[in-house]
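Close look at the chain arrangement
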Amino acid sequence: MSGPAHRQPLSLKALSNGFLVFWCLVAAFPIFWITVMSFKTPIDAFDSNPLRVIMGPRTQTDVGGLSLLDIVLALALTYVLIRFALKWLPGKVRSFVPAGQMGLGWLIGCGTFGLVTLILFVVVLPGVLGVLNPVAGPLGVDVLGLTTEHYEAVWIDRGFMRNFTNSLIVTCGVVSVSLTVGTLAGYGLARSDSLIAFWLLILALVFRALPHSVLVAGYLPYFISSSEWLAPILGEAAPTLYGKPWAVIAVLVAINQPFTIWMLRSFFQNIPQELDEAARVDGCSHFQAFRLVIVPVMWPGVITTGLFSFLLAYNDFLVTSLLLDAQNMTMVPAIANMFNRETTASDEVQAIAAAVSITAPLFILVMVFQRQIVSGLTAGAVKG
Amino acid sequence: MMFLFIAAPLVSVLWQSFHVTKPIYEQVEVETCVPGLLGSSCVIELKTRPILSDAGKIITNTTYVGLQSYRNVLQPEKLRTAIKNRSWREFTNIRFWSALRFTLVFTVLTLPLVLGTGLLIALAVNNTVPRLKGPVIFVSLLPFIVTPVIGALAIRWLFIGDGILTAGLEWWLQKDIAMFAQAWTIELMMYIYRVWHVAPFAFVVFYAGLQTVNQDTLEAAIIDGASRWQRLRYVIIPHLMPLVVFLTLIHLMDAYRVFEEIVGFSSSAHVISLQWLTYEFLLQDGTGARAISRASASAVLTMIGIAVLLAIPLRRVWREQRGS
């Protein structure tokens, strides 16, 4: 938008930017606020004065808090680490890792980075500040009440770790199964132009429309009685599927699969067919052509599709809460149970801490994969 | 393979909705004797207990009950009296009908709000300096990506008791407010939550659409003396029309499935949705039994509902496709 004809009056500009600021506030505020609340003692967290919630005077007197020096140093360290992660890390990974094992290299690189960050924040920073705060005078006095007791209570006492592992199992299962099936089927469908593609789209739409409870109602009785009808095949060891993560993975994959295949198909169609034809001419078998030529170039599409499978599995409440027993509960139903049972204000803040813990991975996900998410969202609209 | 996973549950839901599985009960006389001072006193009782098979399992019997489960869900007699008495309260006391009412109102009411908010954000982002676009898109994506139950909980925590926003409202209106005491305030919060949650999606789609607006047409409109509003009305919005249809379809599907809000706001005593009804039947009740037959019936009814709801816009799309 340039040129004199497009110039806008100041009032319109102010209005549009003002609206934007307002929207950003609305969008971020609830998440920001529960993050703040989760670090305070209950009295502060549910205070009706917003300033008291942020500053947390009771938390400060009861537990302790951060001094100005703490805040400045922590912010500086965060800034340095982010700069480091964005500027320096990719180059290092690229130079150290041989070209073939880029994925593994990234995994190790990110893992090391996370570990270093953790050590810096948990061990080094408190140590340094413990020495600095007493000598810093007024800068070293606590001003901001802060406590991590709720996180400790949730993760250690309440066994949230187990829910986390269960969530991990379910999401990993769903993502890997639906991507494996999706890539193969999507590739196959993209290379054969038949009516199947059209029906696939219809199927994906139908599944989008179908309430998940309908599917669960269909599956549930069979999962409960599965040890009976699986017995002829598997003999004595036939498992009761109800309550096991496998059951949830199966249902979630079924919900997600048409969408995954359709999305990957439209992605594979953008890879020119000449590419695998050339590989075939050079003497590759059909499968070799796929493995050596298509696999290296398919990652962007696979990552985008995988992200949406991940979100579906991670965010699901209905299927997981109905099909899992208490031991195998994932994080989202677990937290719902937590606040249904809540009796004291302290329980409630613990539930908030759990909620923030669930949101944190998603936050990182948006930060890293923003572009893929946006492209995935728009791809459906443009092609549909 | 895929048909197995997709068609099989649907068929089984249909089948279940016409059948009821019940344990078979037998009546037995049980003599219980209590030793007392003057010899034992015995009582003979008639007890009902489920028959156990040799393996120690409860034998169940599945019978065809026709539309009985549907009748249990729909409760036509109560509906008839409610209509006869023209009593809205009686009508909403029947769980299925109140769920249907809420689901439909929710779907229809949030649709224009989501579309409008999305379009406004898209226009505003398109209008701002390029440096700001990245961060704004990042912030906007947050409500969309956050786990629905958690998002609803976050809003609930802002309002519950004397939560920060309730306190703000009370201060502003000088009046005591309890957001979770009555049905309509909870419903209002659900609408707000849904718009907050889905508007980013509409925004991203509209924003992508705005990038492809034909600049020549815009120039031509300016030369012809079209005002800013006219340009928006006659050039940009017609260009975005396919996206509006797309978003409408997606939103109808998603809003009709409204469920997580009920969990997040713990509103099942006041407001429920169709999907929640099925969920409730599927949950174990006090005796550990699940009303699978009724759940299936309500699931089938839910399916019919979404089919009817989508039929209207889909037919329009179909006709336009054929026309062009």
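What counts, and at which threshold
- Residues numbered from 1 in each chain as written.
- Chains lettered and ligands numbered in written order.
- Predicted model: local features only at pLDDT ≥ 70, side-chain atom pairs only at ≥ 80, totals over all residues.
- Heavy atoms only, no water.
- Helix = DSSP H or I, 4+ residues; strand = E, 2+ residues; numbered from the N terminus.
- Buried < 20%, exposed > 50% of the residue type's maximum accessible area, 1.4 Å probe, protein only.
- Contact = heavy atoms within 4.5 Å.
- Areas by Shrake-Rupley, 256 points an atom, 1.4 Å probe, with all protein chains shown as cover.
- Buried area = accessible area lost by both parts, 1.4 Å probe.
- Polar contact = N/O pair within 3.5 Å; in protein donor to acceptor, adjacent residues only side chain to side chain.
- Nonpolar A, V, L, I, M, F, W, Y, C, P; charged D, E, K, R; others polar.
- Salt bridge = Lys/Arg side-chain N within 4 Å of Asp/Glu carboxyl O.
- Expected span 1.5 Å × (residues − 1).
- Bend = angle between axes of the 7 residues up to and from the residue.
- Phe/Tyr/Trp six-rings, centres within 6.5 Å; stacked < 30°, edge-to-face > 60°.
- Arc of directions from axis to C-beta.
- Axes fitted to C-alpha atoms, helices over the stretch in contact; angles between N-to-C directions.
- Parallel < 35°, antiparallel > 145°, perpendicular 65-115°, else oblique.
- Left-handed = near helix turned anticlockwise from the far one by under 90°.
- Patch = residues over 30% accessible without salt bridge, like charges linked within 9 Å, V, L, I, M, F, W, Y side chains within 5 Å.
- pLDDT = per-residue confidence, 0-100.

The next thing to look at is the overall build of chain B. Broken down by element type, chain B carries 14 helices and four strands. Looking at chain B as a whole, 47% of its 324 residues qualify as buried. In chain B, the share of contacts with a sequence separation of at least 24, taken over all contacts with a separation of at least 6, comes to 67%. As presented, chain B carries roughly 17,400 Å² of accessible surface, and 63% of it is formed by carbon and sulfur atoms.

Secondary structure summary: chain A contains 18 helices and two strands in total. Each of the 384 residues in chain A was classed as buried or not, and the buried ones make up 45%. The long-range share in chain A, meaning contacts at least 24 apart out of those at least 6 apart in sequence, stands at 75%. When the accessible surface of chain A is totalled, it reaches about 19,400 Å², and 71% of it is carbon and sulfur.

This next bit is on the side chain of A:His212. Within the secondary structure layout, A:His212 lies in helix H10 (residues 212–224). Given a relative accessible area of 15%, A:His212 falls into the buried group. Not counting chain neighbours up to four residues away, the residues in contact with A:His212 comprise A:Ile255, A:Leu312, A:Asp316, A:Leu318, B:Arg257 and B:Gln275.

Counting residues at the interface gives 84 residues for chain A and 79 residues for chain B. Surface buried jointly by chain A and chain B totals about 7,100 Å² across both partners, of which 76% is contributed by carbon and sulfur atoms. There are eight residue pairs in polar contact (both at pLDDT 80 or more) connecting chain A and chain B. At the level of secondary structure, the elements contributing two or more residues to the side of chain A that touches chain B comprise helix H1 (10–38), helix H9 (196–209), H10, helix H12 (245–269), helix H15 (299–315), helix H16 (318–323), helix H17 (331–341) and helix H18 (345–383) of chain A. Top contributing element to the side of chain A that touches chain B by residue count: H18(A), with 17 residues. When the residues that make up the side of chain A that touches chain B are grouped by side-chain class, the tally is 61 nonpolar, 17 polar and six charged.

Opposite charge on two side chains permits them to pair, given that their charged atoms come into close proximity. All names here are of chain B. Following the criterion strictly, the structure yields three salt bridges over all chains and no others. The closest approach of N and O atoms between Arg-101 and Glu-187, which form a salt bridge, is 3.2 Å. Of this pair, Arg-101 sits in helix H5 (residues 95–127) while Glu-187 sits in helix H9 (residues 183–211), placing them 86 residues apart in sequence. For Glu-187, a relative accessible area of 9% puts it in the buried group.

All right, on to H5(B) then. Between its first and last C-alpha, H5(B) extends 47 Å over 33 residues, near the 48 Å set by a 1.5 Å rise per residue. Maximal helix bending in H5(B) amounts to about 30 degrees, located at B:Thr110; proline B:Pro112 follows within four positions.

Quick look at the packing of aromatic side chains now. This structure, assessed with the given rule, holds 23 aromatic pairs over all chains. Ring centres of B:Phe144 and B:Phe201 lie 5.7 Å apart, and the angle between their planes is 10 degrees; on these two criteria the pair is classed as stacked. One end of the pair, B:Phe144, is in helix H6 (residues 130–145); the other, B:Phe201, is in helix H9, with 57 residues separating them in the sequence. The class for B:Phe201 is buried, based on a relative accessible area of 11%. Judged by centre distance (5.2 Å) and plane angle (45 degrees), the ring pair of B:Trp276 and B:Tyr279 falls under tilted. Note that B:Trp276 and B:Tyr279 are positioned in helix H13 (residues 274–282) at a spacing of three residues, about one turn of the helix. For the pair formed by B:Trp276 and B:Tyr279, the shared burial category is buried. A network of ring pairs unites the aromatic residues A:Phe317, B:Phe259, B:Trp276 and B:Tyr279 as a single cluster.

Right, let's talk about helix H14 (residues 286–297) of chain A for a bit. Residues and elements named next belong to chain A. For H14, which comprises twelve residues, the first-to-last C-alpha distance of 16 Å matches the rise-based estimate of 16 Å (1.5 Å per residue) to within 8%. Every buried residue of H14 is listed here: Ala-289, Phe-290, Ile-294 and Val-295. The buried residues of H14 occupy one face: seen down the axis, they fall within an arc of 160 degrees. Next to the buried residues of H14 lie helix H8 (160–191), H12, helix H13 (273–281) and H15.

This part takes up the environment of A:Met338. Considering the arrangement of structural elements, one finds A:Met338 in helix H17. Those residues within four positions of A:Met338 in sequence are excluded, and the remaining contacts are A:Arg158, A:Phe160, A:Ala351 and A:Ala354.

Pairs of packed helices are described in terms of their axes, by the angle between the two and the distance that separates them. For the pair H1(A) and H9(B), interaxial distance at closest approach is 11 Å and the crossing angle is 125 degrees. In terms of orientation, H1(A) and H9(B) fall into the oblique class. Between H1(A) and H9(B) lies a crossing of left-handed hand. Mapping the contact onto sequence places A:Trp23, A:Val26, A:Ala27, A:Pro30 and A:Ile31 in H1(A) and B:Trp196, B:Ala199 and B:Pro200 in H9(B). Taken together, the residues that form the contact of H1(A) with H9(B) break down as eight nonpolar, no polar and no charged.

Here we come to the side chain of B:Asp254. By the element assignment, B:Asp254 lies in helix H11 (residues 228–256). When neighbours within four sequence positions are excluded, B:Asp254 is seen to be in contact with A:Arg208 and B:Arg194.

A few words on a nonpolar patch on the surface. Residues and elements named next belong to chain A. A contiguous nonpolar surface patch, about 810 Å² in accessible area, is contributed by Leu-115, Leu-118, Ile-119, Val-122, Val-123, Val-124, Val-128, Leu-132 and Val-135. The topology assignment puts Leu-115 in helix H6 (residues 102–135). With relative accessibility at 53%, the residue Leu-115 sits in the exposed group.

Caution is warranted with low-pLDDT regions, since their predicted coordinates should not be read in detail. Overall, the predicted model of chain A reaches an average pLDDT of 77, with 85% of residues at or above 70. Taken together, the stretch residues 1–5 of chain A has pLDDT below 50 and engages in three contacts with residues farther than four places along the chain or on a different chain.

This brings us to the environment of B:Gly209. Residues and elements named next belong to chain B. Of note, Gly-209 is situated in helix H9. Here Gly-209 falls in the buried class, since its relative accessible area comes to 7%. When the C-alpha atoms of Gly-209 and Leu-240 are compared, they prove to be 6.3 Å apart, with 31 residues separating the residues in sequence. Apart from the residues within four sequence positions on either side, Gly-209 is in contact with His-239, Leu-240 and Leu-243.

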